[in-house]
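# Fold and geometry: a report
Chain residues, written in single-letter form:
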Amino acid sequence: PHGRVPISVRTGFGQVVMSKWFLEFRKLYPGVTVHVHFDNRVDDLLRHEVDLAVRLMEDPPLGMVAREMGTVSYVACASVAYAKRHGLPNNLEELAVRDVITTSTAGKIVLTAVRGNARHDATVEPSLSSENFVFLRDAMLAGLGVGVLPDYVVQADLARGRAVQAMREWELVIFGTKMYLLRRQDRFPTLALRTMIEFLLARSKGAGVL
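Residues numbered from 1 in each chain as written. Predicted model: local features only at pLDDT ≥ 70, side-chain atom pairs only at ≥ 80, totals over all residues. Heavy atoms only, no water.

## Here's the deal with helix α6 (residues 151-159)
How we decide: Throughout, exposure labels follow a simple rule: accessible area from a 1.4 Å probe, protein chains only, divided by the maximum for the residue type, with under 20% read as buried, over 50% as exposed, and the rest as partly exposed. Starting at the N terminus, helices and strands are each numbered in turn, a helix being any DSSP run of H or I of at least four residues and a strand any DSSP run of E of at least two. Residues count as neighbours in contact if any of their non-hydrogen atoms are within 4.5 Å of one another.
Among the residues of α6, Tyr-152, Val-153, Val-154 and Asp-157 are the ones counted as buried. The inward-facing, buried residues of α6 contact α1 (11-28), β5 (74-79), α5 (133-141), β10 (146-150) and β11 (163-166). Two residues or fewer after α6 comes Gly-161, characterised by a positive phi angle close to 80°.

## Observations concerning the pairing of strand β1 (residues 3-9)
Quick note on the threshold: When DSSP finds two or more bridges between two strands, those strands count as paired. Handedness is read with the strands pointing away from the viewer; a crossover is right-handed when the path from the first strand over the helix to the second is clockwise.
By the criterion of burial, β1 is predominantly enclosed, with five of the seven residues buried. Across seven bridges, the pairing between β1 and strand β2 (residues 32-38) is parallel. Paired with Gly-3 across the two strands is Val-32, which belongs to β2. After leaving β1, the chain enters α1 and then returns to the sheet as β2, a path that is right-handed.

## Some details on the side chain of Thr-102
So the rule is basically this: Any pair of N or O atoms that falls within 3.5 Å is considered a polar contact. Within protein, one atom must be able to donate a hydrogen and the other to accept it, and sequence-neighbouring residues count only if both atoms are side-chain atoms.
Relative to the elements of secondary structure, Thr-102 occurs in strand β6 (residues 100-102). Side-chain polar atoms of Thr-102 contact the backbone oxygen of Val-148, separated by 2.7 Å. Excluding anything up to four places from it in sequence, Thr-102 contacts Ile-109, Pro-126, Leu-128, Ser-129, Ser-130, Leu-136, Val-148, Leu-149 and Ile-174.

## A short note on the packing of aromatic side chains
Put simply, the test is: When the centres of two rings from Phe, Tyr and Trp lie within 6.5 Å, Trp using its six-membered ring, the rings pair. Their planes under 30 degrees apart give stacked, over 60 give edge-to-face, and anything left gives tilted.
Enumeration according to the criterion identifies four aromatic pairs in this entry. For the pair Phe-13 and Trp-21, a centre-to-centre distance of 5.9 Å together with 85° between the ring planes defines the contact as edge-to-face. Accessibility assignment for this pair places Phe-13 and Trp-21 in one class, buried. Ring geometry for Phe-13 against Tyr-152: centres 5.1 Å apart, planes inclined by 75°, an arrangement best described as edge-to-face. One end of the pair, Phe-13, is in helix α1; the other, Tyr-152, is in helix α6, and 139 residues separate them in sequence. You can call Tyr-152 buried: its relative accessible area is 5%. Taken together, the ring pairs in this structure connect Phe-13, Trp-21 and Tyr-152 into an aromatic cluster.

## So, the pairing of strand β7 (residues 109-115)
Bridge analysis of β7 against strand β8 (residues 118-124) gives seven bridges, and the strand direction is antiparallel. Each bridged residue has a counterpart across the sheet, and for Arg-115 the counterpart in β8 is Ala-118. As consecutive antiparallel partners, β7 and β8 are separated by two residues, and within that stretch Gly-116 has a phi angle of approximately 65°, a positive value.

So, in structure tokens, the structure goes:
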């Protein structure tokens, strides 16, 4: 395949997981030019004239062709030093009054905790927020608060004992739980675009992070 594929990906998932996929794609398909936007806005397919967008949400927007890549879970976690000094929150109410480190585009966020049929919502104003999840992970490991971060960002730190997880029995949701690969309906998919779509879907299934 030959051609150009502009794609918009979520900042965290794009930086932590997908960057190496794009490098591999370029080695496999040197005839395809890939332009990557790291952004979290849903309207990128119109604003940036990109052909594909990877977004986290509950339901894909109307007027777009959506392929589900998998699910993403958020976890509440903290550094070992923070947990020893302050303890860990046991529920959403305790978490809401802590220094919370998480992503936010408008100051306060609505955080949902689900366990079986029980569902609780709380409005949280992060003490430190960013769209850069690598930065947020570093802040959590530095002991600056409780991180509410996607599992793919912190799973290695949890496995190696650099961080500890709070509220293990609760599923935390901020923006949604499903990762979608989106494209506009009014554009004919080129061979380069179709190749990129199938490549990303295959990698997402084998990544072990979704």
